[in-house]
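A look at the structure
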Amino acid sequence: MTVREPMPLQDPSERAQNFNEVALGYSEEQAVAEAMRCLECKNPKCVDGCPVNVDIPGFIAQMKENNFDDAIATIKLTNSLAAVCGRVCPQETQCEQMCVLAKKGEPVAIGRLERFCADNERKNGVTPPVRAEQTGRSVAVVGAGPAGLTAAADLARGGHAVTVFEALHDTGGVLTYGIPEFRLPKSIVKEEVDYIKQLGVDVKVNYIIGKIKTLDQLRADFDAVFLGTGAGLPKFMGIEGENLNGVYSANEFLARVNLMKAYDFPVYDTPIKRGKRVMVVGGGNVAMDAARSALRLGADEVSIIYRRSEAELPARREEVENAKEEGIIFRLLTNPVSILEGDNMTVRGIECVKMELGEADGSGRRSPVPVEGSEHIIDADVIIIAIGTSPNPMILSGSEGLEVDSRGLMVVDDSGTTSIGNVCAGGDAVTGAATVISAMGAGKVAASTINDHLENN
Ligand code: FAD
Ligand code: SF4
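In every chain, residue numbers begin from 1 and rise along the written sequence. Labels are handed out in written order, letters beginning with A for the chains and numbers beginning with 1 for the ligands. pLDDT decides what is reported in this predicted model: residues at 70 or higher carry local features, side-chain atom pairs at 80 or more are listed and counted, and totals for whole chains, interfaces and linings draw on all residues regardless. Heavy atoms throughout the structure, all of them, feed into the side-chain values; hydrogens and water do not.

Within a sheet, adjacent strands bond to each other through the backbone by hydrogen bonds, running parallel or antiparallel. Taken together, the five strands give an open sheet; going across it, the order is β6-β14-β7-β8-β9, and neighbouring strands pair in parallel fashion. Among the strands making up the open sheet, the edge pair consists of β6 (247-249) and β9 (329-331). Neighbour to neighbour, the strand axes of the sheet diverge by 25° on average, direction disregarded. Pairing between strand β8 (residues 301-305) and β9: three bridges, direction parallel. Counterpart to S303 in the pairing with β9 is I329. Here helix α14 (residues 285-296) sits on the sheet and contacts β7 (277-281), β8, β9 and β14 (382-385); the angle it forms with β8, its principal contact strand, is near 170°. DSSP-based pairing: two strands are paired if at least 2 bridges between them are found. Only DSSP runs of H or I covering at least 4 residues are called helices, and only runs of E covering at least 2 are called strands; the numbering of each starts at the N terminus. The axes used here are C-alpha line fits, helices contributing only the stretch in contact, and every angle between their N-to-C directions lies in the interval 0 to 180 degrees. The contact rule is simple, with two residues in contact once any of their heavy atoms fall within 4.5 Å.

Structure (structure tokens):
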């Protein structure tokens, strides 16, 4: 059994001090050697594990022939964000988990091969797409994150006039304002969005639906609507001290780092508190990104505070390992009780309690239970809260009849259709915070529903 080609990485001590990409990408030799490991299965399970059904053995077979142009064309048939997915998709729980080689050893590094093909195309100049013949029908897409962008691309390929409305001043959703530069360079997101624009998609930024126009007005102006508004409203713990100066939600902190370009200091002098001792509460990808960004902004010490044990950390394994290598401290089985006030409403520390794992809860994970008398204080000057998000309700203002559940998530059927006939929805706005590829998959399902609907009505 051959072993997987390792991903070349920036050295941990160097990368902890810069925002350049951590993973450097395969060389051509490595990419072909890794492609050679694929068995080109007749019944490829890997494809079943891909929410956008990329023809994985098909593009890998083309790579084996050094035919990288056709390989990227094969990927792009179903995935308009290949360079993004090749970097941030959790392949280990999707296509690679299903790869037949995973049963006996290491699966084919499908994500790294996808990234190689996309990067190789960018290096050599992207071939502009051919625009579809126009149908004369129009579709509004709300939100320029992975769900909205994918739906927009598929709807434009269907020949409809697509307009994307985005609340922020830039496109990409979480890809731009959330995931940091060292995991996903913004220039790559921009190039992938440019490709979608070349399909004929018109993008209007600084345009909040629910404020500038309502959903009901969009329904009057367009033949169909797709809602990909995400889940960008941060949750807080509801403990004392959360209003102090130096407490951030991870969303705000990362938006300041990414969207407002605090990572590019001193070119941009973004207002952000660069802490010396930073505590990040949470154990997901968002928490890892916030902790590693705080370190790169110059903190002396950054810790993750997580109430369960290492085995339950929801972040990608690769990101946990990268964070550890860079020196992030993991304070596991620890839960905050209150944030302590210093001078002038600033943060001076966080009081925590130790936890132990009890019985499994509804999600199958063992519930953390506080250990009596284990309260302790950790000095800190910045606290970042990364315990989850929920959908922003702004879209609901002026959207007569749009059904949401008790958590504010839009209710859709299997075709992605909401409670309003010509309005579909998908991505985090429907599922709650999930993954880039699941949002893209939902965008594809909804676009197919709208394409069918417009063809038949
Ligand atoms: P979003 O990306 O949130 O995009 C929604 C867009 O809609 C936003 O641009 C928003 O401004 C806009 N919008 C909202 N309301 C309105 C309105 N009323 N009018 C107009 N526009 C509106 N997933 C992975 O697979 N791998 C990772 O490594 C990973 N890391 C992550 C790291 C961070 C820090 C975060 C926050 C998330 C991460 N995720 C990761 C999750 C992933 O990014 C999301 O699941 C995905 O972006 C959801 O896509 P979406 O299109 O549904 O929503
Ligand atoms: Fe190749 Fe694995 Fe897919 Fe089989 S399951 S085609 S070996 S990537």
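In this section: the site of ligand 2. Lining the immediate environment of ligand 2, one finds C38, L39, C41, C46, P57, C99, V100, V108 and I110. Here the residues of the shell around ligand 2 are counted per class, giving nine nonpolar, no polar and no charged. Summary of the distance rule: residues count as near a molecule or strand when at least one heavy atom falls within 4 Å of that molecule or strand. Here the nonpolar group is Ala, Val, Leu, Ile, Met, Phe, Trp, Tyr, Cys and Pro; Asp, Glu, Lys and Arg are the charged ones; every other residue, Gly included, is treated as polar.

All right, on to the site of ligand 1 then. Around ligand 1, the surrounding shell holds 33 residues, and the nearest of these are V88, E166, R183, I209 and D428. A distance of 2.7 Å separates an oxygen atom of ligand 1 from a polar atom in the side chain of E166. Here V174 contributes a backbone N or O atom positioned 3.0 Å from an oxygen atom of ligand 1. Contact with the protein chains covers 94% of the free accessible surface of ligand 1, which is 990 Å². The element that contributes the greatest number of residues to the shell around ligand 1 is α14, accounting for three residues. Counted as a polar contact is a pair of N or O atoms within 3.5 Å, where, for protein atoms, one must be capable of donating a hydrogen and the other of accepting one, and residues adjacent in sequence contribute only when both atoms are in side chains. The Shrake-Rupley method, run with a 1.4 Å probe, gives the accessible areas here. Residue values count only the displayed protein chains as cover.

Glancing now at the pairing of β14. The alternating pattern of β14 places V382 and I384 and I383 and I385 on opposite faces, both of which are buried. When β6 meets β14, the two strands line up parallel, connected through three bridges. Residue pairing across strands places V247 opposite I383, the latter belonging to β14. The sheet contact formed by β7 and β14 spans four bridges and is parallel. Within β14, the residue paired with M279 across the bridge is I383. Burial classification: accessible surface area is computed with a 1.4 Å probe over protein chains only, and a residue below 20% of its type maximum counts as buried, one above 50% as exposed, and the rest as partly exposed.

Positive phi outside glycine occurs at N66, with the angle close to 60°. Tracing the chain through its elements places N66 in the loop between α4 (56-64) and α5 (68-76). Look at N206: it is not a glycine, yet its phi comes out positive at around 55°. Following the sequence through the fold, N206 ends up in the loop between β3 (202-204) and α12 (215-221). A relative accessible area of 48% places N206 in the partly exposed class.

This part is about the packing of aromatic side chains. Pairing of aromatic rings covers Phe, Tyr and Trp, the last counted by its six-membered ring, and requires centre-to-centre distances within 6.5 Å; plane angles under 30 degrees mean stacked, over 60 mean edge-to-face, and any other angle means tilted. Going through the model one piece at a time under the given rule, you end up with five aromatic pairs. Centroid distance F165 to F222: 6.0 Å. Interplanar angle 85°. Geometry classified as edge-to-face. With a gap of 57 residues between them, F165 in strand β2 (residues 161-165) and F222 in the loop between α12 and β4 (224-227) connect regions that are remote in the sequence. For F165, a relative accessible area of 4% gives the class buried. Taking the relative accessible area as the measure of exposure, F222 reaches 13% and is therefore buried. Among the aromatic side chains, those forming a connected cluster through ring pairs are F165, Y207 and F222.

So, on to the nonpolar core. Here, nonpolar core means buried Ala, Val, Leu, Ile, Met, Phe, Trp, Tyr and Cys residues that are tied together by side-chain atoms lying within 4.5 Å of each other. Counting 67 residues, the largest nonpolar core has I56, F59, M63 and L113 as the members making the most contacts within it. All the domain ranges listed were derived from an automatic or database domain assignment. Domain assignment of the residues forming this core places at least three in each of domain 1 (12-124) and domain 2 (138-232 + 390-456). Residue contacts for F59: discarding those within four places in its chain leaves V54, A71, T74, I75, I110, L113, E114 and C117.

Scope: geometric values only; no functional claims are made or implied.
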